[in-house]
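# Topology and contacts: notes
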Amino acid sequence: MSEAETVPMDIAERMTTRRRGMFRKEHTNETVGLGDGETVVRWLRELHQERNQTVMIHRPWGSICVVADGRAPTDVMVTDGDRMWYAACPGSTLPQSRPQLTPDQVETVMLDALTSNALPQWPEWREF
């Protein structure tokens, strides 16, 4: 079964993991349609709180996600099902060991993905 057959298209999704005690974790998953940009913006602005979160947007051209663990800046990655890229910081040198973007840069790329018919605009996508 291909990724296109298993992943719902044209939705935004947030997955959150919280520790509950020493060995237990609690996982939550929320989804909204692409027209609910306010919710996606709220999710993106909550990424730097003390919890592990991933915000994904699934489109026909692929899936884009931003991952945060509450302690560090965030990384934006995109896949078309076969290949994967990350959004590199403008002006960074190769190889970029930690390609974190500012919260404003993350928001720009992710909100573009809500309406883009192709890979969102960003100065430099680098392949993994």
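Right, let's walk through the structure included here. (Residues numbered from 1 in each chain as written. Predicted model: local features only at pLDDT ≥ 70, side-chain atom pairs only at ≥ 80, totals over all residues. Heavy atoms only, no water.)

## Concerning the overall build of the protein
Summing up its helical and strand segments, the protein has three helices and seven strands in all. Taken from N to C terminus, the helices and strands of the protein fall in the order α-β-β-α-β-β-β-β-α-β. A total of 128 residues make up the protein; the buried ones form 45% of that total. Contacts spanning at least 24 positions in sequence make up 51% of the contacts within the protein whose residues lie at least 6 apart. (Helix = DSSP H or I, 4+ residues; strand = E, 2+ residues; numbered from the N terminus. Buried < 20%, exposed > 50% of the residue type's maximum accessible area, 1.4 Å probe, protein only. Contact = heavy atoms within 4.5 Å.)

## Structural notes on the pairing of strand β1 (residues 11-20)
The sheet contact formed by β1 and strand β2 (residues 24-33) spans ten bridges and is antiparallel. Residue Thr 17 lies in a different strand from β2, and its bridge partner there is His 27. Relative to strand β3 (residues 52-59), β1 runs antiparallel, the two sharing seven bridges. Bridging from a neighbouring strand, Thr 17 pairs with Asn 52 of β3. (Pairing = 2+ DSSP bridges.)

## Structural notes on the nonpolar core
Ranked by internal contacts, the top residues of the largest apolar core, which has 26 residues, are Leu 44, Ile 57, Ile 64, Val 66, Val 76, Met 110 and Trp 125. At five residues, the largest contribution of residues to this core is made by helix α3 (residues 103-115). Not counting residues within four places of it along the chain, the set of residues in contact with Val 76 comprises Ile 64, Cys 65, Val 66, Trp 85, Tyr 86, Ala 87, Leu 101, Val 106, Val 109, Met 110 and Trp 125. Listed in part, the five residues of the second largest apolar core include Met 56, Cys 65, Tyr 86 and Ala 88. (Core = buried A, V, L, I, M, F, W, Y, C linked by side-chain atoms within 4.5 Å.)

## Observations concerning unusual backbone geometry
We note that Asp 10 has phi near 55°; this positive angle belongs to a residue other than glycine. Along the chain, the position of Asp 10 falls in the loop between α1 (3-6) and β1.

## With respect to the pairing of strand β6 (residues 84-87)
Both strand β5 (residues 75-79) and β6 contribute to a ladder of three bridges, which runs antiparallel. Paired with Thr 79 across the strands is Met 84, a residue of β6. A loop of four residues connects β5 with β6, the two strands running antiparallel in sequence, and Gly 81 in this loop sits at a positive phi of about 100°. Across three bridges, the pairing between β6 and strand β7 (residues 125-127) is antiparallel. By the bridge assignment, Tyr 86 is partnered in β7 with Arg 126.

## What to know about the side chain of His 58
Secondary-structure assignment places His 58 in strand β3. Polar side-chain contacts of His 58 include one of 2.8 Å to the side chain of Glu 13. (Polar contact = N/O pair within 3.5 Å; in protein donor to acceptor, adjacent residues only side chain to side chain.)

## Section: α3
Taking 1.5 Å as the rise per residue, α3 with 13 residues should run 18 Å; its terminal C-alpha atoms sit 19 Å apart, in good agreement. Every buried residue belonging to α3 is among Val 106, Glu 107, Val 109, Met 110, Ala 113 and Leu 114, and all of these are buried. Contacts from the buried residues of α3 go to α2 (37-45), β3, β4 (62-68), β5 and β7. (Expected span 1.5 Å × (residues − 1).)

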